[in-house]
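The residues making up each chain are set out below.
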Amino acid sequence: MCAVVVTLISHMMLAFTFWNPWIAMSLLGLSYSLLACALWPMVAFVVPEHQLGTAYGFMQSIQNLGLAVIAIVAGAILDNRGYLFLEVFFSACVCISLVAVVMLYFVDLMRGGDLNLSARQRSELEKRAVAEEERRELLRQQQQEDLARLRPMSAFGVRNRYLSRLGAQLPDHYCTHMSALGHRSVLK
């Protein structure tokens, strides 16, 4: 948001003051640097990792389309109206982007504010997410083990378990595991 405000100030300085343009252009360069430092990494926070390349490509395409169209429109405004209207046009575009940034800020605030977290807060959030994922995986494994224990036994296994609980001596070639039934050599 700071970069957009500084961009707006520098365009207004170019349009409505008679100060040396080096001041406004230096501010403009600084604000564009701040904007690029904040905008491009923010995509990684919003987009899932498996779609990150597509998101960066889409963002680059939209940026290039905007640069092409705005350059044509700026040239037409400069030819027909002059530099004052050109700077007013740029200021209007920056005002629209400022409104979009404020709306994005409030939407992010309503959804929990993940975009404005510090590096430490983001790492703590990531650690909690990893711990939660490990807990879910452990719970899933435990549920699978519980289901495996509840798997119905064969008639052969039920009979042998019943006989062993009664105290009957089972012959050595009897095996209560179903896997042993597949191998006839075990039953000799």
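Residues numbered from 1 in each chain as written. Predicted model: local features only at pLDDT ≥ 70, side-chain atom pairs only at ≥ 80, totals over all residues. Heavy atoms only, no water.

Turning next to the side chain of Ser31. Mapped onto the secondary structure, Ser31 falls in helix H2 (residues 21–46). Under the relative-accessibility criterion, Ser31 is labelled buried at 0%. In this structure Ser31 touches Ala3, Val6 and Thr7, once residues within four positions along its chain are discounted. (Helix = DSSP H or I, 4+ residues; strand = E, 2+ residues; numbered from the N terminus. Buried < 20%, exposed > 50% of the residue type's maximum accessible area, 1.4 Å probe, protein only. Contact = heavy atoms within 4.5 Å.)

A few words now on the confidence of the model for the chain. In this model, the chain carries a mean pLDDT of 85, and residues with pLDDT of at least 70 account for 91%. Within the chain, the lowest mean pLDDT, 48, falls on helix H7 (residues 178–181), and the highest, 95, falls on helix H3 (residues 52–80). Contacts of residues 178–188 to residues separated by more than four positions or lying in other chains number eight contacts, the stretch itself having pLDDT below 50. (pLDDT = per-residue confidence, 0-100.)

Two elements in contact, helix H1 (residues 2–16) and H2, have axes separated by 8 Å at closest approach and are oriented at 160°. Here H2 runs roughly antiparallel to H1, going by the angle between their axes. Once H1 is placed against H2, the crossing between them reads as left-handed. Here H1 contributes Ala3, Val4, Val6, Thr7, Ser10, His11, Met13 and Leu14 to the contact with H2, which in turn contributes Pro21, Ile23, Ala24, Met25, Leu27, Leu28, Ser31, Tyr32, Leu34 and Leu35. When the residues that make up the contact of H1 with H2 are grouped by side-chain class, the tally is 14 nonpolar, four polar and no charged. (Axes fitted to C-alpha atoms, helices over the stretch in contact; angles between N-to-C directions. Parallel < 35°, antiparallel > 145°, perpendicular 65-115°, else oblique. Left-handed = near helix turned anticlockwise from the far one by under 90°. Nonpolar A, V, L, I, M, F, W, Y, C, P; charged D, E, K, R; others polar.)

Let us look at the pattern of salt bridges. One pass over the structure, following the stated rule, counts three salt bridges. The partner of Arg135 in a salt bridge is Glu132, with the nearest N and O atoms 2.7 Å apart. Pair noted here: Arg135 and Glu132 are both in helix H5 (residues 119–149), with a separation of three residues, about one helical turn. When its relative accessible area of 46% is taken as the criterion, Arg135 is described as partly exposed. Here Glu137 ties to Arg140 by a salt bridge, and the two come within 2.4 Å at their closest N and O atoms. With a gap of three residues between them, Glu137 and Arg140 both fall in helix H5, about one helical turn apart. A single network of salt bridges, built from pairs that share partners, joins Glu132, Arg135 and Arg136. (Salt bridge = Lys/Arg side-chain N within 4 Å of Asp/Glu carboxyl O.)

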